[in-house]
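The residues making up each chain are set out below.
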Amino acid sequence: MMGAVIFDMDGVLVDSEAMYQYLLLDFFKKQGQHITVREANAFVGCSDSFFYRHMGMLWKPRLTEANMRTLFSQRFGQQELNYTTLLNPHVRYILPQIKQAGLQVAIASSSAKNRILDMMNSNEIASYIDQVISGHEVAISKPDPAIYHETLRRLALPGEQCVVIEDSAIGIEAAKRAGLYVIAKREIRFEVDQSKADYIADDLLQAWLHIECYFHLS
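Owing to the predicted nature of the structure, the values given are computational and were not obtained by experimental measurement.

Peer 1: Please explain the overall build of the chain as it appears in this structure.
Peer 2: Assigned secondary structure in the chain consists of nine helices and six strands. A globule of 218 residues ought to have a C-alpha radius of gyration of about 17 Å, and the chain, at 17 Å, matches this closely. Along the three orthogonal principal directions, the C-alpha set of the chain runs to about 55 × 30 × 30 Å. Buried positions account for 51% of the 218 residues belonging to the chain.

Here it is as structure tokens:
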């Protein structure tokens, strides 16, 4: 049976969420502002719109989303991550395994398309990816299921023939609302609620072993 594995990017393929959190805390500190680690946890897996809107709510005095975007761009700019140092263990092993099993591979991430492509190219995994869908390409971000509906459309597959690997609560919710089977990559650092996932894997290798069972590959 032809099927697909759909990956979120941040926190799943690359361990970038911790770096984003550090940069966020550092930005607030350098601007004479204060944000707690617990408050920073709310940004895990979020869209750009939520990022700036919520930052503005935490800022003193409060700023609108548009004003926060402008301030952040002026004082911080586009921080480029070195994705080659952030690739999660087992990614380079399981991607060839998935393709050899005859499954398609997609990335459905809230990140901007150029960041997703940079991650793929810098880690030399682009040849394994069949579809790339950015949250910027759909009208409503996760936890709305729009990005997963679009992913299924591009894959030309029904939901029951796809498995999603997510880590954030909003990502898991988006995939479940799209009617998809969801594996959560376990995350214990950011107080993330992964209880809505169908299965929680300690790492991507364990996730792949579970996918093999789901598709009856072994």
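Peer 1: Before we go on, may I ask you to explain the sheet that holds strand E3 (residues 131–134) in this structure?
Peer 2: With parallel pairing, the six strands of this open sheet are ordered in space as E3-E2-E1-E4-E5-E6. Two strands in the sheet have a free side with no partner beyond their single neighbour: E3 and strand E6 (199–201). Neighbour to neighbour, the strand axes of the sheet diverge by 25° on average, direction disregarded. As paired elements, strand E2 (residues 104–109) and E3 share four bridges and run parallel to each other. In the strand pairing of E3, Ser109 is matched with Ser134. Lying over the sheet, helix H5 (residues 91–100) contacts strand E1 (4–7) and E2, oriented at roughly 130° with respect to E2. Taken strand by strand, helix H7 (residues 146–155) contacts E1, E2, E3 and strand E4 (162–166), and its axis lies near 155° from that of E3.

Peer 1: It is not clear to me how unusual backbone geometry should be interpreted in this structure. Could you clarify?
Peer 2: A cis amide bond links Lys60 to the next residue, Pro61, at an omega of -5°. By secondary structure assignment, the location of Pro61 is in the loop between helix H3 (48–58) and helix H4 (65–75). Residue Pro143 is reached from Lys142 by a cis peptide bond, and omega for that bond is 20°. On the secondary structure map, Pro143 appears in the loop between E3 and H7. The phi torsion at Glu191 lies on the positive side, around 55°, for a residue other than glycine. Along the chain, Glu191 turns up in the loop between strand E5 (181–185) and E6.

What counts and how
- Residues numbered from 1 in each chain as written.
- Predicted model: local features only at pLDDT ≥ 70, side-chain atom pairs only at ≥ 80, totals over all residues.
- Heavy atoms only, no water.
- Helix = DSSP H or I, 4+ residues; strand = E, 2+ residues; numbered from the N terminus.
- Rg over C-alpha atoms; globule rule 2.2 N^0.38 Å.
- Buried < 20%, exposed > 50% of the residue type's maximum accessible area, 1.4 Å probe, protein only.
- Pairing = 2+ DSSP bridges.
- Axes fitted to C-alpha atoms, helices over the stretch in contact; angles between N-to-C directions.
- Contact = heavy atoms within 4.5 Å.

Function-wise, these values are silent; they only describe arrangement.
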